[in-house]
Amino acid sequence: MKTDIRVKLMTIKSSILILSLLVLHNITIDAQGNRQRNRYGQSSGSGLNIVCSFSDYASIAEFIAGDMATVSFIAQGEQDPHFVPPKPSYAVTLSRADMWITTGMDLEMWSATLLDKAHNRKIMDGETGFVAVSDGINILQKVDKGDRTEGDVHLMGNPHINTGPVNWKIIARNITIGLIKIDPANAALYQKNRDDFLDKVDRALFGDKLVDLFGGETLTKMLENNTLFTFLDRTYEEGKLIDLLGGWLKKAMPLRGKRIITYHKNWAYLANTLGLDIVGYIEPKPGIPPSAKHVQYMIDLINEQNIKLMLVASYFEKKTPNMIEEKTGIKALYLPLFVHGVPGINDNFDLVDYWIDQINANIQ
Amino acid sequence: MISVLDFMIAPFIACILLIIITSYFGIHVIEREIIFIDIALAQIAAFGSAVSLVINKLGISPHEDIHEHDSRTFLAYVFCLIAAGLFTLLKNKRIKIPLEALIGIAYAVATTAAVIILDKGAGSDVHIHDMLVGSILWVSWHQIIRLLIVVTVIGGFHFIFRDKFKGITLLYQGKESNTTRPKLWDFIFYFTFGIVIVEAVYVGGILTVFAFLIIPASTSALFSTRWSRRVLTAILIGCISTILGLYLSWVMDIPCSPAIILFLAVSLFISIIIKALLKLKTH
Amino acid sequence: MIDTLKFLAAPITLTILMAGILSYFGNHILSRGIIFIDIAVAQIAALGTMIGLLLGYAEESLNVQLISYAFTIIVISIFALTKFHKQVIPQEAIIGIIYCIGLGIALLLAERIPGGSNFISKTITGNLLWVTWGKVLECFVIFLVIGIIHLVFWKHFILISGTRNGLPYSLWRTRFYELIFYITFSIIIVKAVPGGGVFLIFTLLIAPASAATLFTDSWKKRFIWSWIIGTLGSITGIYLSYTLNISNAPAIVTLLGLVVFILAFIKLTARKLSLNNKNQAV
């Protein structure tokens, strides 16, 4: 009797499930459209296959590689960069990749498993197809060897390098080196595209006039050494050099020296470039809620220094920032951390425009 | 270019191995009503790994890259051993707290204590996330062989001594049993179970293992009370759901763990309906 | 010092309120053996929130909160109706299945929502420390209302919780009481978890009640003792979080958890000792 039931059970179950499978198969034609979301450029098929961890790097890579490659990225623009759940398409993408572009610090911990199991020799760490874009970047908040008392999360320093336009130039250089290694035939094209990109960044940062006068390299060096604004104070023709300033730095002038706090350490490089003074973090360590001492410290800090603005990356839940707003009167500004984090932001330049506009609109 | 079959054959075999061992243990777990024990043991093992991570980091320079974190560290098994001992000791008439409550508290403490230790000692919470979803789609043959060994050894052991273990489960339900030295066998049960969990969770993730443990065993309870029948039914349900789940995950590009769970749930509902229909028939 | 106390006043008040209502429910939960129900409810509520977000409403808006409550109540009502004369599948297993499926769906939906990973049970954190007096008042009112409902049905709930096999009333009458019990329970959980985080709520539910159960059988005594233990544990935890600079909720959870285990061991060894003494005396 019982075996009879079991057999009946299995047949009925199997038939229902197979039916649903057929239905789902039709729905899956839609799913193909889903995969297009991660792609840039043309699916030429014959070009190079470049896979990046983040959309920001993909945007830069597309600029440099142009028609020579299909560029895709894994972490969605509005996703938490620390946590990316694995999907079958990632394995497929990685197995066919000619190049893997990643930060190269300890941010994309989730990628280690993906890479190990993609069994793609070309893109393993140390091979020509592996590009760590943080090579050569001036890393902020590095931890000294002996100092572990604060228990800094990212031992190699702050890995959120994509928020600093100055860093894009080094990222672009690293990507170009990688491209030339795997495709030396087109070296000239990549170098030209890279130079165009570097020029575009300079002009976006400083404005055309200053770039034409002094050249992007010099200006960038001064910005990094914090000597730029002293330099711009010099007289020039009827006014001062600073009158010639354009681009983002000009737009962000009202922000220079303003004090803000941020929810997590995502914004260090942006603040460095724009001159914002970040005086504290609510949750410096991802996933670890702050202690009572820290919370009290932050509340006191906000009150004493009259901090009015808190930057929060849009992948964070709004619940706690809302509570902080209620408790302290501060305003929480939610910003996407990456390209495509908000519809309409299609490359890094759009992203910074958006950031500066939003911060300007919300700061007191 | 990977074809579906190439891609799916290793995950499929890994799932089959998991299903074989979890179908058996799942029935024990449900009969003893310690449903969440696998999540608790996985977390306790993770705590052990967190401890070993911190101990390691205190010795190594901060610039050393720790690429892949293997949660199957020695300390993970040690903590499983400790947990097994704890649960065995505390399953006592004098202690009127249900074992599941102690398991729950151990789970909460293991999770939060790991946060505190990592916060103070090292500072990274990635492992917690990794373990939830698992990476069954990327399982390597190396891991499958390791899993096969564990399943064979522990599975074989439990098969040989199945009556002893069944006896203790009867004690849990308040019934009589003639298992001698119940405490010893109880301890062996938890410890072997812990080892299985650590290995299984490393491959499949906590959620998949939990689902394999609970859902097929529950579904089989609807149709039979005999162990052999239940194990076979559970394995069958698990296999069908896995095949369909893997296929769905491939075709819709979704993580495979939820896809498999979806089909396990569907088979449960279908079974409930069938059982209800059968009841109506006999009336 | 005064500043610290002022700062901690609201969180501590909320803790006392939560410890009270949760230890009440906790004793029931313990008797019924459905320990993990609050983790399951928290996950279902999170899933409800995700559905609300997917439908296009803004995060933290009233619509999303209502959808979350509604979804949770629907699911938990289904659960309440799974009580039978003879449980072929134990209720805890049903909770496990609900949790499992809920988590699975949440994982599937997570990537379609910005910050979707925030709604997966492990990551449901919260921080009492930011709570304002307004929120404390809100919670007080809700807890009071539910407390009154439970005062009315007091006897019935205790009878059902105390019955191990079979049902004390007819099937549908039992299910009616179960519905009230679980719906009120879910409302408390959905209200409390975003504030305190899933692990803190879970621990406040189970640990003080477990500790109390070790030493007394009377329901009234258990309620009082678990409330006291819960409150003391939380306050000590907050104090430790402050002085040792560790995360708040983990401190409380670890403390209360360890207390339960230590008490259990004391109980175990104390009886052994007194038994040995008795044997020696004879």
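Calculation rules
- Residues numbered from 1 in each chain as written.
- Chains lettered and ligands numbered in written order.
- Predicted model: local features only at pLDDT ≥ 70, side-chain atom pairs only at ≥ 80, totals over all residues.
- Helix = DSSP H or I, 4+ residues; strand = E, 2+ residues; numbered from the N terminus.
- Rg over C-alpha atoms; globule rule 2.2 N^0.38 Å.
- Buried ≥ 20, exposed ≤ 12 C-beta atoms within 10 Å, placed from the backbone.
- Contact = placed C-beta atoms within 7 Å.
- pLDDT = per-residue confidence, 0-100.
- Pairing = 2+ DSSP bridges.
- Right-handed = clockwise from strand over helix to strand, strands pointing away.
- Axes fitted to C-alpha atoms, helices over the stretch in contact; angles between N-to-C directions.
- Nonpolar A, V, L, I, M, F, W, Y, C, P; charged D, E, K, R; others polar.
- Core = buried A, V, L, I, M, F, W, Y, C linked by C-beta atoms within 7 Å.
- Domains from an automatic or database assignment.

A.B. asks: I'm lost on the overall build of chain C in this one. Help?
C.D. replies: When you go through chain C residue by residue, the secondary structure sums to nine helices and zero strands. Counting from the amino terminus, helix and strand elements in chain C follow one another as α-α-α-α-α-α-α-α-α. By the compact-globule yardstick of 19 Å for 282 residues, chain C fits well, its C-alpha radius of gyration being 20 Å. In terms of its C-alpha atoms, chain C occupies a principal-axis envelope of roughly 75 × 60 × 35 Å. The buried share of chain C, taken over its 282 residues, is 52%.

A.B. asks: What am I meant to see in the overall build of chain B here?
C.D. replies: Helix and strand counts for chain B stand at 10 helices and zero strands. Along chain B, helices and strands appear, N-terminal first, in the series α-α-α-α-α-α-α-α-α-α. The buried share of chain B, taken over its 283 residues, is 55%. Once local pairs closer than 6 in sequence are excluded, the contacts in chain B between residues at least 24 apart make up 79%.

A.B. asks: Looking at this structure, how should I read the confidence of the model for chain B?
C.D. replies: The predicted structure's coordinates, where accompanied by low pLDDT, should not be read in detail. Residues and elements named next belong to chain B. Summarising the model, chain B shows a mean pLDDT of 82, and 89% of its residues fall at 70 or more. Within the model, the stretch residues 61–68 combines pLDDT values under 50 with nine contacts to residues more than four positions away or in other chains. In this model residues 124–129 is a low-confidence stretch, pLDDT under 50, and it forms 15 contacts with partners more than four residues away in sequence or in other chains.

A.B. asks: What am I meant to see in the pairing of strand β7 (residues 259–262) of chain A here?
C.D. replies: The two faces of the sheet receive side chains in turn, since in a regular strand these alternate between them. Residue and element names in this part refer to chain A. Here β7 runs beside strand β8 (residues 277–281); their pairing, made up of four bridges, is parallel. Residue pairing in the sheet places T262 in a bridge with Y281 of β8. Between β7 and its parallel partner β8, the chain crosses via helix α11 (residues 268–274), and the hand of that crossover is right-handed. With two bridges joining them, β7 and strand β9 (residues 309–313) adopt parallel strand pairing. Looking across to β9, one finds that T262 is bridged to L311.

A.B. asks: Is there a simple way to think about the sheet that holds β7 of chain A in this case?
C.D. replies: Paired through backbone hydrogen bonds, the strands of a sheet run either parallel or antiparallel to each other. Residue and element names in this part refer to chain A. Strand order in the open sheet made by the four strands is β8-β7-β9-β10, with parallel pairing throughout. Since the sheet does not close on itself, it has two edges, and those belong to β8 and β10 (331–335), each with one partner. Within this sheet the neighbouring strands show an average axis-to-axis angle of 35°, counted without direction.

A.B. asks: So what exactly am I meant to see when it comes to the interface of chain C and chain B here?
C.D. replies: Interfaces are often sized by the accessible area lost when the parts come together. Facing the 40 residues of chain C at the interface are 43 residues of chain B. Broken down by secondary-structure element, the contributors of at least two residues to the side of chain C that touches chain B are α4 (91–110), α7 (198–215) and α9 (248–281) of chain C. Across the side of chain C that touches chain B, the residue classes tally to 27 nonpolar, nine polar and four charged.

A.B. asks: Hey, could you run me through the nonpolar core in this one?
C.D. replies: For soluble globular proteins, nonpolar side chains are generally found buried alongside one another. Judged by nonpolar contacts, the single largest core of 285 residues is most densely connected at A61 of chain A, C80 of chain B together with C100 of chain C. Top contributing element to this core by residue count: helix α8 (residues 182–221) of chain B, with 23 residues. Residue assignment places this core across two domains, with domain 1 (48–199) and domain 2 (208–245) of chain A each supplying three or more. Leave out the neighbours within four places in its chain, and C100 of chain C touches L207, F210, A211, I214, I215 and I261 of chain B.

A.B. asks: Is there a simple way to explain helix α2 (residues 55–65) of chain A in this structure?
C.D. replies: Helical periodicity: at 3.6 residues per turn, an α-helix aligns residues three or four positions apart in one direction. All names here are of chain A. The buried count for α2 comes to 11 of 11 residues, which makes it a mostly enclosed element. Buried within α2 are the following residues: S55, D56, Y57, A58, S59, I60, A61, E62, F63, I64 and A65. Of the surrounding elements, those touching the buried residues of α2 are β1 (48–52), β2 (69–73), β3 (99–102), α5 (165–182), α6 (187–206) and α14 (348–362). Just past α2, the residue G66 takes up positive phi, approximately 60°.

A.B. asks: Teacher, can you tell me more about the sheet that holds β1 of chain A here?
C.D. replies: All names here are of chain A. As summarised here, the arrangement of the four strands in space is β2-β1-β3-β4, forming an open sheet in which the pairing is parallel. Pairing within the sheet leaves two strands with one partner each, and these edge strands are β2 and β4 (130–132). On average, adjacent strands in this sheet sit at an angle of 20° to one another, irrespective of strand direction. Alignment of β1 against β2, held across five bridges, turns out to be parallel. Along β2, the bridge assignment pairs L48 with A69.

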